[in-house]
Amino acid sequence: MDAATPTEPRHVAAQIFTTARAGYARHRQTDLDARLAALRTLKQEILDHRDEAIDAVMRDVGKCHTDALIAEIIGAVDWIHWLEGNATRLLAPQKVPTPITLLGKRSELWHEALGVVLVICPWNYPFHNAITAIAAAVACGNAIVYKPSEHAPCVGLIERFVGVSPLLNDLVHVAYGDGAMGRALIDAGPAKIFFTGSGATGARIMAQAAQQLIPVELELGGKDPMIVFDDAHTPRAVAGALWGAFTNAGQSCSAVERLLVHERIHDAFVDDLVREASRLVIGTDDRGDADIGRMTASFQRDKVIAHIEEALQLGARLRHGRIPDRDSLIVEPVILDHVTSQMRVWTDETFGPVLPVMRFGDEAEAIRLANGTDYGLCASVFSADQARARRVAAALEVGGVSINNVNMSEGNPGLPFGGAKKSGFGKLRGPEGLLGFTRSKAVLIDQGGAKIEANWYPYTDEKLRRFQRFVDALYGRGLWTRAFRLLAIAWHGLRLEAFSQRPRD
Ligand code: NAD
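Rules and cut-offs
- Residues numbered from 1 in each chain as written.
- Predicted model: local features only at pLDDT ≥ 70, side-chain atom pairs only at ≥ 80, totals over all residues.
- Heavy atoms only, no water.
- UniProt positions renumbered as here; feature names shortened; annotations may be inferred.
- Helix = DSSP H or I, 4+ residues; strand = E, 2+ residues; numbered from the N terminus.
- Buried < 20%, exposed > 50% of the residue type's maximum accessible area, 1.4 Å probe, protein only.
- Contact = heavy atoms within 4.5 Å.
- Lys, Arg positive; Asp, Glu negative; His and termini not counted.
- Charge placed at Lys NZ, Arg CZ, Asp CG, Glu CD.
- Axes fitted to C-alpha atoms, helices over the stretch in contact; angles between N-to-C directions.
- Parallel < 35°, antiparallel > 145°, perpendicular 65-115°, else oblique.
- Left-handed = near helix turned anticlockwise from the far one by under 90°.
- Nonpolar A, V, L, I, M, F, W, Y, C, P; charged D, E, K, R; others polar.
- Near = heavy atom within 4 Å.
- Polar contact = N/O pair within 3.5 Å; in protein donor to acceptor, adjacent residues only side chain to side chain.
- Areas by Shrake-Rupley, 256 points an atom, 1.4 Å probe, with all protein chains shown as cover.
- Domains from an automatic or database assignment.
- Pairing = 2+ DSSP bridges.
- Salt bridge = Lys/Arg side-chain N within 4 Å of Asp/Glu carboxyl O.
- Core = buried A, V, L, I, M, F, W, Y, C linked by side-chain atoms within 4.5 Å.

As annotated in an unreviewed UniProt entry, the protein carries the name Aldehyde dehydrogenase and comes from Solimonas marina. Listed under Sequence similarities (unreviewed entry) in UniProt, the entry text for the protein is "Belongs to the aldehyde dehydrogenase family."

What follows is the structure, given as structure tokens:
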């Protein structure tokens, strides 16, 4: 007898996948225009009722109002808007040039739905992460099972918004729970897994997915460097560093987690950082317009404390802020200098409002230090010298770079977002991100009829000789003029073609 009760993860997961698969089957023939129309309705609903999403996210995550509006709402709406303008072109069957060896045939690439995909998300951007994945999945014709984090589930929020469209209602399903639910959902056999979260969980998910050969995309943590050269506009770089490090209380995968400042301006720059940081308002009021909200979870705050304490023990200097209280999620931003690459605050993702600063002497050292971690999500480079900034950007082992800006390559929905090294693989958003929700199908179309192809049986010595000459004409070495080669290709091609007309009997 099956001992599963209706609330056990594997039971819930199986039920959700049954419903999602039925929704997918019902809408397999629904065309892209109808799917985009549903997303347009969703976009309007988000715009009209954004405060409902903002309230839920502020309550569960603790972020301040402006952070919620900018990242959760604008980011989600921008992506749907981009899909409205680009999905039809990107998802249309694509004609692919056919080489001369396949003369007379037509080649196409089709982009098809995968089926029911599984999206597992962290707690730091619960609305944005859900809506952008849902919109991409649905645009491509998939059904989606979305699992929010147990630490910021925003219960009912996604169902409330997708409820505006019967199509979305059928295609989008939310599964609540922790890692046990995540594992059960993978066991239910999704067509593909899109995971955003920590590297440790990503590795576990990949191992489990491997048992069923389920493809995965992993968007993992970061330790993003920001490099400031001595010719950068200092007030702009200072303001950028503070926002990049402390937005969403530093709980952003692409937060500035390491600041590298040229030695000529380092001391004055850190003084400016400290002065400006003291002006930041830390929010306690859920409706307030503070600069920085609270941290989301006590385990994350404890990691922040551990990183700061270790850094101070190893000789770092606390330039701003203090060791956070263990009984509060309000964490004053911390700036540390005298930091070394032996400290976890420099090598491991902290994921909190902590900004360690290090000096560098020249361009090569800045690149070496910036590339000196296992992570490779994003980076920023500040310099008045565009050529140098581009050169450094090219040398950084990351998935995205902002030049004279911070955290902004992900602001453009047309650019893909995703990491290098242990920050993961696969892309969200941009053409690559959209096509990640499809399976490409290669299609070759011939005229049909009675023709027997030259490369089909029977093989004969004569046919082999003709193929040899054709290959030589196509790719052979020697002093062939272009005209002579074309002539030879045409001649041997025609001989082969004539050969191919012969029926076997
Ligand atoms: P996490 O890895 O602990 O959890 C992420 C999600 O995975 C949660 O929904 C959790 O319930 C689920 N989960 C846990 N164990 C699972 C398992 N064995 N099988 C299936 N699902 C499982 O991460 P977190 O603490 O929620 O988020 C913080 C991390 O996310 C940070 O490392 C941050 O950098 C990263 N992140 C990355 C990006 C990006 O796009 N690269 C964006 C946001 C956050």
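Additional details are given in the paragraphs that follow.
Chemist: What am I meant to see in the overall build of the protein here?
Modeler: A count of helical and extended segments in the protein gives 18 helices and 16 strands. Dimensions of the protein, computed from the C-alpha atoms along their principal axes, are close to 90 × 65 × 45 Å. When burial is assessed residue by residue, the protein has 51% of its 505 residues classed as buried. Counting only contacts in the protein whose residues sit at least 6 apart along the sequence, the fraction spanning at least 24 positions is 71%. Side-chain charges in the protein split into 56 positive and 60 negative, and the spacing between the mean points of these groups amounts to 9 Å.

Chemist: So what exactly am I meant to see when it comes to the packing of helix H8 (residues 179-187) against helix H9 (residues 199-211) here?
Modeler: Any two packed helices are characterised by the angle at which their axes cross and by the distance between the axes. Between H8 and H9, the shortest axis-to-axis distance is 10 Å and the interhelical angle comes to 25 degrees. In this view, H8 runs roughly parallel relative to H9, as classed from their interaxial angle. Pair H8 / H9 crosses with right-handed handedness. Along its contact with H8, which presents Arg183, Ile186 and Asp187, the element H9 presents Ile205, Gln208 and Ala209. Classifying every residue of the contact of H8 with H9 gives 3 nonpolar, 1 polar and 2 charged.

Chemist: It is not clear to me how the site of the ligand should be interpreted in this structure. Could you clarify?
Modeler: Around the ligand, the surrounding shell holds 27 residues, and the nearest of these are Cys121, Glu150, Ser198, Leu220 and Glu349. Trp123 is positioned with one of its side-chain polar atoms (N or O) 2.9 Å from an oxygen atom of the ligand. At 2.7 Å from a nitrogen atom of the ligand is found a main-chain nitrogen or oxygen belonging to Leu220. For the ligand, the protein covers 91% of the area, taking 850 Å² as the surface of the free molecule. Broken down by element, the shell around the ligand gets its largest block of residues, 3 residues, from H8. In the shell around the ligand, the residues fall into 12 nonpolar, 9 polar and 6 charged. For the shell around the ligand, the domains that each give at least three residues are domain 1 (3-219 + 431-441) and domain 2 (224-411).

Chemist: What is the right way to read the sheet that holds strand S16 (residues 438-445) from this model?
Modeler: Across a sheet, strands are paired by hydrogen bonds formed along the backbone, either parallel or antiparallel in direction. Sheet architecture is open: 3 strands sit in the order S1-S2-S16, paired in antiparallel fashion. If you trace the sheet from one side to the other, it starts and ends with strand S1 (94-96) and S16, each paired once. Adjacent strand axes in the sheet meet at a mean angle of 30 degrees, parallel and antiparallel pairs treated alike. As judged from the 3 bridges shared by S1 and strand S2 (residues 106-113), these two strands associate in the antiparallel manner. Looking across to S2, one finds that Gln94 is bridged to Leu109.

Chemist: Please explain the pattern of salt bridges as it appears in this structure.
Modeler: In a structure, side chains of opposite charge can pair up when their charged atoms sit close to one another. For the structure on display, the rule yields 36 salt bridges. The partner of Glu453 in a salt bridge is Lys451, with the nearest N and O atoms 4.0 Å apart. Judged by relative accessible area, which is 25%, Lys451 ranks as partly exposed. What emerges from the salt-bridge pattern is a single network uniting Lys105, Asp446, Lys451, Glu453 and Glu497.

Chemist: Explanation requested: the sheet that holds strand S3 (residues 116-120) in the structure shown.
Modeler: Judged by pairing direction, the sheet is mixed, and its 6 strands sit side by side in the order S5-S4-S3-S6-S7-S15 without closing on themselves. For this open sheet the edge positions go to strand S5 (172-174) and strand S15 (424-425), each flanked by a neighbour on one side alone. Packing of helix H5 (residues 126-139) onto the sheet brings it into contact with S3, strand S4 (143-147) and S5, and relative to S4 it is tilted by some 165 degrees.

Chemist: Just to check I follow, could you spell out the nonpolar core for this structure?
Modeler: The tendency in soluble globular proteins is for nonpolar side chains to be buried as a group. Ranked by internal contacts, the top residues of the largest apolar core, which has 81 residues, are Leu39, Phe127, Ile158 and Leu434. Ranked by the residues each element gives to this core, the list is headed by helix H4 (residues 65-91), at 11 residues. In this view, Phe127 contacts Ile46, Ala53, Val57, Glu72, Ile73, Leu157, Ile158 and Phe161; residues no more than four positions away in its chain are not counted. Core analysis: the second largest hydrophobic core is formed by 52 residues, Ile227, Val304, Leu336 and Ala370 among them.

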